[in-house]
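Listed below are the residues making up each chain.
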Amino acid sequence: MKLTHRIIPVAMSMLVAAGTMVSCSNKDKERLAQEEAINAATREELAQAVNQRDELLQLVNEINGDMAQVKEIEGVLSSSVYMEGDMPTQRDQLRADLASLQKTLKDRRERLAELEAKLKKSNLDNNNLTATINSLRQQIDSQTEEINTLTANLNSARAEIGKLSTTVDSLSTTVTNVTGELTQAEERSQQLDAELNACYYVFASKKELKEHKIIETGFLRKTKILKGDFDQNFFTTADKRNLSRLPLHAKKAKILTNQPAGSYSLEKVDDQMVLVITNPDSFWSLSNYLVIEIDK
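The sections below set out a description of the structure shown in this document.

With antiparallel pairing, the three strands of this open sheet are ordered in space as 5-8-7. Two strands lie at the open edges of the sheet, namely strand 5 (245-247) and strand 7 (264-269), each paired on one side alone. Each strand of the sheet is rotated relative to its neighbour by a mean of 25°, with strand direction disregarded. Pairing analysis gives three bridges linking strand 5 to strand 8 (residues 272-277), with the strands arranged antiparallel. In the strand pairing of strand 8, R245 is matched with V276.

See below:
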């Protein structure tokens, strides 16, 4: 009976200890599970934060690249080379570049809004990233405004170039007309100059001169020169300014027209007569016609 009383308390003590050990083991597992869950959540949020930071840095680089392209287009539009050598293909290319930039900035603004929304939901939100997002939004707004200004300037330049082209076309037409009139005036002046300085000469035998009605002779009658309807085509036309020597291809020669004495001489060269005009102004002062009778 005494032995039984001893066994029962020992057994009860062992059961209590076993229950205590089971209870401690379950609590440890729960605690470890909670710590792992917290660690997993922290790692996920940290990874999200890193991704958001990287995406933000990528946006910074892209927006800086957009700014460089905007400045490049602005430089082209403001250069005198563009205004002087403007071509339709260049204007079209600039217009396409500006339209592409506008679409790109719209996409950047949407991505920035999505990133901001993700950042606000995250437990790892920080002031530095928020400040960066605000700065980027301001840059995008500034670039959008500048692109709108450049587009307006481009359209204005196009309109101005159109007006200038119309003016140039009008001036070109005027210049063409004036040039044509000037050319006609010059041609007419040359023609008048040639007419004023034209002279006509003929050297032939008496018989030939009579046949062409250049001279008229008769018995006991003075020779008449260039009377009536003489043959104009029998004369040679020359420029009195350039006619200084005239080989007559004859052994004898006599000037029949009234050329002033002292303004010329008849010389013999290799047994052939040559007319030498020593004073052209005086020589042609009385008549533009020269008739020489030769005897071969």
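Among the nonpolar cores identified, the biggest contains 17 residues, and L243, L246, L248, L275, W284, L290 and I292 are the most heavily contacted of them. Residue assignment for this core shows that the elements contributing at least two residues are strand 1 (198-204), strand 6 (252-255), strand 8 and strand 9 (289-295). One finds L105, I133, I147 and L150 within the second-largest nonpolar core, a separate group that totals eleven residues.

Time to look at the pairing of strand 6. Of the two faces of strand 6, the one holding A253 and I255 is buried and the one holding K252 and K254 is not buried anywhere. In the sheet, strand 6 pairs with strand 9 via four bridges, with the strands oriented antiparallel. Looking at the pairing, A253 lines up with I294 of strand 9.

So, about the packing of aromatic side chains. As enumerated under the stated definition, the model contains seven aromatic pairs in all. When the ring of F283 is compared with that of W284, the centres are 4.9 Å apart and the planes differ by 85°; the resulting orientation is edge-to-face. One exposure class covers both F283 and W284, and it is buried. Grouped by ring-pair contacts, the aromatic residues Y200, F230, F235 and Y289 constitute a single cluster.

Before going further, it helps to examine the sheet that holds strand 4 (residues 236-239). Across the sheet, four strands lie side by side as 4-1-9-6; this open sheet has mixed pairing. Because the sheet does not close on itself, it has two edges, and the strands there are strand 4 and strand 6. The sheet shows a mean angle of 30° between the axes of neighbouring strands, taken without regard to direction. Bridge analysis of strand 1 against strand 9 gives five bridges, and the strand direction is parallel. Bridging from a neighbouring strand, A204 pairs with E293 of strand 9.

Parameters and conventions
- All residue numbers here refer to positions counted from 1 along the written sequence of the relevant chain.
- Per-residue local features of the predicted model are confined to residues with pLDDT of at least 70, and side-chain atom pairs are confined, for both listing and counting, to 80 or more; whole-chain, interface and lining totals are unaffected and use all residues.
- Excluded from the side-chain calculation are hydrogens and water; included are all heavy atoms of the structure.
- Here, any two strands with at least 2 DSSP bridges between them count as paired.
- The way it works is that DSSP assigns letters per residue, a run of H or I at least four long becomes a helix, a run of E at least two long becomes a strand, and they are numbered from the N terminus.
- For helices, the fitted axis covers only the stretch in contact; all axes are lines through C-alpha atoms, and the angles between them, taken along N-to-C directions, range from 0 to 180 degrees.
- Joining through side-chain atoms within 4.5 Å is the link that ties buried Ala, Val, Leu, Ile, Met, Phe, Trp, Tyr and Cys residues into a set, and such a set is a nonpolar core.
- The buried label goes to any residue with under 20% of its type's maximum accessible area, the exposed label to any with over 50%, and the partly exposed label to all in between, with areas taken from a 1.4 Å probe on protein chains only.
- Stacked, edge-to-face and tilted are the three classes for Phe, Tyr and Trp ring pairs, Trp counted by its six-membered ring, which pair at centre distances within 6.5 Å; planes under 30 degrees apart are stacked, over 60 edge-to-face, the rest tilted.

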